[in-house]
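The chain contents come next:
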Amino acid sequence: MKRVDKALRLLAACILCVFFASAAHVLLRFVRCIRSASSIASMESYDAVQVFLFGSSGNSVSGSVSIMNADGAVLAQLERSWNSAGLSIDFVTVSLGARSFSFPERVYANRLMPVRSRSGVVLAKYYMRGRECLLFASSLHPLTEQELRARYYIADFALSPVAHIFASFIKVQTVDLSFCVPGRTYAIKAEANGNLFLYPVTD
(Lines give C-alpha, C1' and ligand atoms only; values in the text may rest on other atoms or scores of the structure.)
Protein backbone atom coordinates (compact mmCIF):
# COMPACT_ATOMS: atom_id res chain seq x y z
CA MET A 1 0.00 0.00 0.00
CA LYS A 2 2.82 2.38 0.86
CA ARG A 3 4.46 1.67 -2.47
CA VAL A 4 1.22 2.57 -4.24
CA ASP A 5 0.97 5.83 -2.28
CA LYS A 6 4.59 6.69 -3.10
CA ALA A 7 3.99 5.91 -6.76
CA LEU A 8 0.88 8.11 -6.84
CA ARG A 9 2.70 10.99 -5.13
CA LEU A 10 5.59 10.65 -7.55
CA LEU A 11 3.20 10.63 -10.51
CA ALA A 12 1.39 13.71 -9.19
CA ALA A 13 4.71 15.49 -8.65
CA CYS A 14 5.78 14.66 -12.21
CA ILE A 15 2.49 15.94 -13.62
CA LEU A 16 2.85 19.18 -11.65
CA CYS A 17 6.43 19.61 -12.87
CA VAL A 18 5.36 19.12 -16.48
CA PHE A 19 2.47 21.56 -16.02
CA PHE A 20 4.61 24.29 -14.47
CA ALA A 21 7.39 23.77 -17.02
CA SER A 22 4.87 24.08 -19.87
CA ALA A 23 3.30 27.18 -18.32
CA ALA A 24 6.74 28.75 -17.87
CA HIS A 25 7.61 27.99 -21.50
CA VAL A 26 4.38 29.59 -22.76
CA LEU A 27 4.93 32.67 -20.59
CA LEU A 28 8.52 32.95 -21.79
CA ARG A 29 7.39 32.92 -25.42
CA PHE A 30 4.82 35.60 -24.69
CA VAL A 31 7.33 37.84 -22.89
CA ARG A 32 9.83 37.35 -25.71
CA CYS A 33 7.13 38.34 -28.20
CA ILE A 34 6.39 41.58 -26.31
CA ARG A 35 10.07 42.46 -26.01
CA SER A 36 10.59 41.72 -29.70
CA ALA A 37 7.74 44.05 -30.72
CA SER A 38 9.20 46.90 -28.65
CA SER A 39 12.58 46.48 -30.33
CA ILE A 40 11.21 46.97 -33.87
CA ALA A 41 11.81 50.52 -35.03
CA SER A 42 8.79 50.79 -37.34
CA MET A 43 6.17 48.64 -39.00
CA GLU A 44 5.06 49.00 -42.60
CA SER A 45 2.07 47.49 -44.37
CA TYR A 46 2.91 44.49 -46.51
CA ASP A 47 1.26 42.24 -49.11
CA ALA A 48 1.46 38.81 -47.57
CA VAL A 49 -0.66 36.84 -50.05
CA GLN A 50 -1.74 36.99 -53.68
CA VAL A 51 -4.73 35.04 -55.02
CA PHE A 52 -5.68 34.14 -58.57
CA LEU A 53 -8.86 32.18 -59.27
CA PHE A 54 -8.92 30.13 -62.46
CA GLY A 55 -12.65 29.60 -62.33
CA SER A 56 -15.58 28.13 -60.46
CA SER A 57 -18.55 25.96 -61.34
CA GLY A 58 -21.23 24.80 -58.97
CA ASN A 59 -19.54 23.57 -55.83
CA SER A 60 -15.98 23.64 -57.16
CA VAL A 61 -13.41 26.43 -57.34
CA SER A 62 -9.81 26.33 -58.56
CA GLY A 63 -7.03 28.84 -58.16
CA SER A 64 -3.58 29.64 -56.87
CA VAL A 65 -2.49 31.15 -53.58
CA SER A 66 0.96 32.72 -53.42
CA ILE A 67 2.89 33.63 -50.27
CA MET A 68 4.92 36.80 -50.84
CA ASN A 69 7.94 38.37 -49.19
CA ALA A 70 8.55 42.08 -48.60
CA ASP A 71 10.00 42.51 -52.11
CA GLY A 72 6.91 41.03 -53.74
CA ALA A 73 8.73 37.81 -54.64
CA VAL A 74 6.84 34.52 -54.45
CA LEU A 75 7.97 32.30 -51.58
CA ALA A 76 5.54 29.50 -52.40
CA GLN A 77 2.60 29.00 -54.73
CA LEU A 78 -0.24 26.54 -54.19
CA GLU A 79 -2.39 25.53 -57.16
CA ARG A 80 -5.38 23.28 -56.59
CA SER A 81 -9.15 22.96 -56.65
CA TRP A 82 -11.53 22.88 -53.70
CA ASN A 83 -14.96 21.30 -53.35
CA SER A 84 -16.65 24.53 -52.42
CA ALA A 85 -18.28 27.55 -53.99
CA GLY A 86 -15.62 29.81 -52.46
CA LEU A 87 -12.44 30.11 -50.44
CA SER A 88 -11.31 31.88 -47.31
CA ILE A 89 -7.94 32.65 -45.76
CA ASP A 90 -7.43 32.98 -42.02
CA PHE A 91 -4.84 35.38 -40.65
CA VAL A 92 -3.61 35.44 -37.08
CA THR A 93 -3.10 39.00 -35.86
CA VAL A 94 -1.17 39.83 -32.72
CA SER A 95 -1.62 43.37 -31.38
CA LEU A 96 0.99 44.72 -28.98
CA GLY A 97 0.50 48.32 -28.01
CA ALA A 98 0.14 50.44 -31.13
CA ARG A 99 1.66 47.75 -33.37
CA SER A 100 -0.03 44.82 -35.03
CA PHE A 101 1.41 41.92 -36.99
CA SER A 102 -0.68 39.64 -39.20
CA PHE A 103 0.34 36.24 -40.49
CA PRO A 104 -1.51 34.03 -43.02
CA GLU A 105 -2.46 30.84 -41.21
CA ARG A 106 -4.53 28.65 -43.55
CA VAL A 107 -6.57 28.62 -46.77
CA TYR A 108 -9.68 26.46 -46.86
CA ALA A 109 -13.03 25.85 -48.53
CA ASN A 110 -15.81 28.07 -47.24
CA ARG A 111 -17.77 26.14 -44.66
CA LEU A 112 -19.54 27.12 -41.48
CA MET A 113 -17.33 25.81 -38.69
CA PRO A 114 -15.63 27.13 -35.55
CA VAL A 115 -12.19 28.70 -36.02
CA ARG A 116 -10.35 26.00 -34.06
CA SER A 117 -11.87 23.12 -36.05
CA ARG A 118 -11.15 24.49 -39.51
CA SER A 119 -9.03 22.31 -41.76
CA GLY A 120 -7.37 23.33 -45.01
CA VAL A 121 -3.83 24.05 -46.15
CA VAL A 122 -1.58 25.38 -43.38
CA LEU A 123 0.47 28.26 -44.78
CA ALA A 124 3.01 28.96 -42.04
CA LYS A 125 5.27 26.12 -43.16
CA TYR A 126 5.94 28.00 -46.40
CA TYR A 127 7.39 31.11 -44.75
CA MET A 128 8.59 29.99 -41.32
CA ARG A 129 11.93 28.38 -42.15
CA GLY A 130 15.19 28.07 -40.31
CA ARG A 131 14.13 30.32 -37.42
CA GLU A 132 13.24 33.12 -39.83
CA CYS A 133 9.90 34.59 -40.93
CA LEU A 134 10.46 35.00 -44.66
CA LEU A 135 7.46 37.32 -45.07
CA PHE A 136 9.81 40.13 -44.07
CA ALA A 137 12.80 39.03 -46.16
CA SER A 138 13.99 41.76 -48.49
CA SER A 139 17.03 42.35 -50.65
CA LEU A 140 15.87 45.87 -51.55
CA HIS A 141 15.39 47.01 -47.95
CA PRO A 142 17.24 44.46 -45.83
CA LEU A 143 16.52 44.35 -42.12
CA THR A 144 19.11 43.93 -39.42
CA GLU A 145 19.63 40.49 -37.94
CA GLN A 146 18.09 41.74 -34.69
CA GLU A 147 14.91 42.92 -36.46
CA LEU A 148 14.58 39.69 -38.42
CA ARG A 149 14.95 37.68 -35.24
CA ALA A 150 12.40 39.87 -33.45
CA ARG A 151 9.84 39.38 -36.22
CA TYR A 152 10.45 35.64 -36.15
CA TYR A 153 9.76 35.51 -32.41
CA ILE A 154 6.49 37.43 -32.90
CA ALA A 155 5.38 35.10 -35.70
CA ASP A 156 6.47 32.02 -33.76
CA PHE A 157 4.30 33.06 -30.81
CA ALA A 158 1.30 34.20 -32.87
CA LEU A 159 1.15 30.95 -34.86
CA SER A 160 1.55 28.64 -31.88
CA PRO A 161 -1.56 26.79 -30.61
CA VAL A 162 -1.13 28.30 -27.13
CA ALA A 163 -1.29 31.88 -28.43
CA HIS A 164 -5.09 31.85 -28.23
CA ILE A 165 -4.80 31.72 -24.44
CA PHE A 166 -3.84 35.40 -24.68
CA ALA A 167 -7.15 36.36 -26.28
CA SER A 168 -6.74 40.08 -25.59
CA PHE A 169 -3.64 40.14 -27.80
CA ILE A 170 -4.50 37.55 -30.46
CA LYS A 171 -7.36 37.37 -32.94
CA VAL A 172 -8.13 35.35 -36.06
CA GLN A 173 -9.32 37.37 -39.05
CA THR A 174 -10.96 35.74 -42.04
CA VAL A 175 -10.65 37.09 -45.57
CA ASP A 176 -13.51 35.84 -47.75
CA LEU A 177 -12.37 35.26 -51.34
CA SER A 178 -15.86 34.50 -52.67
CA PHE A 179 -16.07 37.92 -54.29
CA CYS A 180 -12.83 37.57 -56.24
CA VAL A 181 -13.43 37.55 -60.00
CA PRO A 182 -11.79 34.64 -61.88
CA GLY A 183 -8.96 35.74 -64.13
CA ARG A 184 -7.85 38.63 -61.88
CA THR A 185 -5.05 38.74 -59.33
CA TYR A 186 -5.83 39.96 -55.84
CA ALA A 187 -3.50 40.81 -52.98
CA ILE A 188 -4.17 40.79 -49.25
CA LYS A 189 -2.42 43.66 -47.53
CA ALA A 190 -1.63 43.36 -43.83
CA GLU A 191 -1.75 46.92 -42.53
CA ALA A 192 0.24 48.23 -39.59
CA ASN A 193 -2.95 48.84 -37.58
CA GLY A 194 -3.96 45.17 -37.83
CA ASN A 195 -6.54 45.55 -40.61
CA LEU A 196 -6.51 43.31 -43.67
CA PHE A 197 -7.29 44.75 -47.09
CA LEU A 198 -8.17 42.65 -50.16
CA TYR A 199 -7.67 44.51 -53.43
CA PRO A 200 -7.27 43.69 -57.16
CA VAL A 201 -3.71 43.90 -58.49
CA THR A 202 -4.67 43.63 -62.17
CA ASP A 203 -7.70 44.77 -64.19
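Thresholds, definitions, all that
- Residues numbered from 1 in each chain as written.
- Predicted model: local features only at pLDDT ≥ 70, side-chain atom pairs only at ≥ 80, totals over all residues.
- Heavy atoms only, no water.
- Helix = DSSP H or I, 4+ residues; strand = E, 2+ residues; numbered from the N terminus.
- Buried < 20%, exposed > 50% of the residue type's maximum accessible area, 1.4 Å probe, protein only.
- Expected span 1.5 Å × (residues − 1).
- Polar contact = N/O pair within 3.5 Å; in protein donor to acceptor, adjacent residues only side chain to side chain.
- Pairing = 2+ DSSP bridges.
- Contact = heavy atoms within 4.5 Å.
- Axes fitted to C-alpha atoms, helices over the stretch in contact; angles between N-to-C directions.

A. How the structure looks around the environment of Gly97. Take Gly97: it is sitting in the loop between strand S4 (87-96) and strand S5 (99-109). The exposure class of Gly97 is exposed, given its relative accessible area of 79%. As a C-alpha pair, Gly97 and Phe169 span 72 residues in sequence and 9.2 Å in three-dimensional space.

B. Region of interest: helix H2 (residues 145-158). Taking 1.5 Å of rise per residue, the 14 residues of H2 would be expected to cover 20 Å, and the 20 Å separating its terminal C-alpha atoms lies within 8% of that figure. Buried residues dominate H2, accounting for 10 of its 14 residues. Three or more residues of H2 are buried, namely Glu147, Ala150, Arg151, Tyr152, Tyr153, Ile154, Ala155, Asp156, Phe157 and Ala158.

C. Highlighting the side chain of Ser160. Note on placement: Ser160 falls in the loop between H2 and strand S9 (170-176). Only 2.7 Å separates the side chain of Ser160 from the backbone oxygen of Phe157, close enough to count as a polar contact.

D. Geometry of unusual backbone geometry. Here Arg131, not a glycine, exhibits a phi torsion of approximately 55°, which is positive. Residue Arg131 is classed as exposed on the basis of its relative accessible area, which comes to 56%.

E. Quick look at the sheet that holds S4. Overall, antiparallel pairing links the 4 strands, which are arranged S6-S5-S4-S9 in an open sheet. The open sheet terminates on both sides in strands that have one partner only, identified here as strand S6 (121-122) and S9. Contacting S4, S5 and S9, H2 runs over the sheet at an angle of about 50° to S5.

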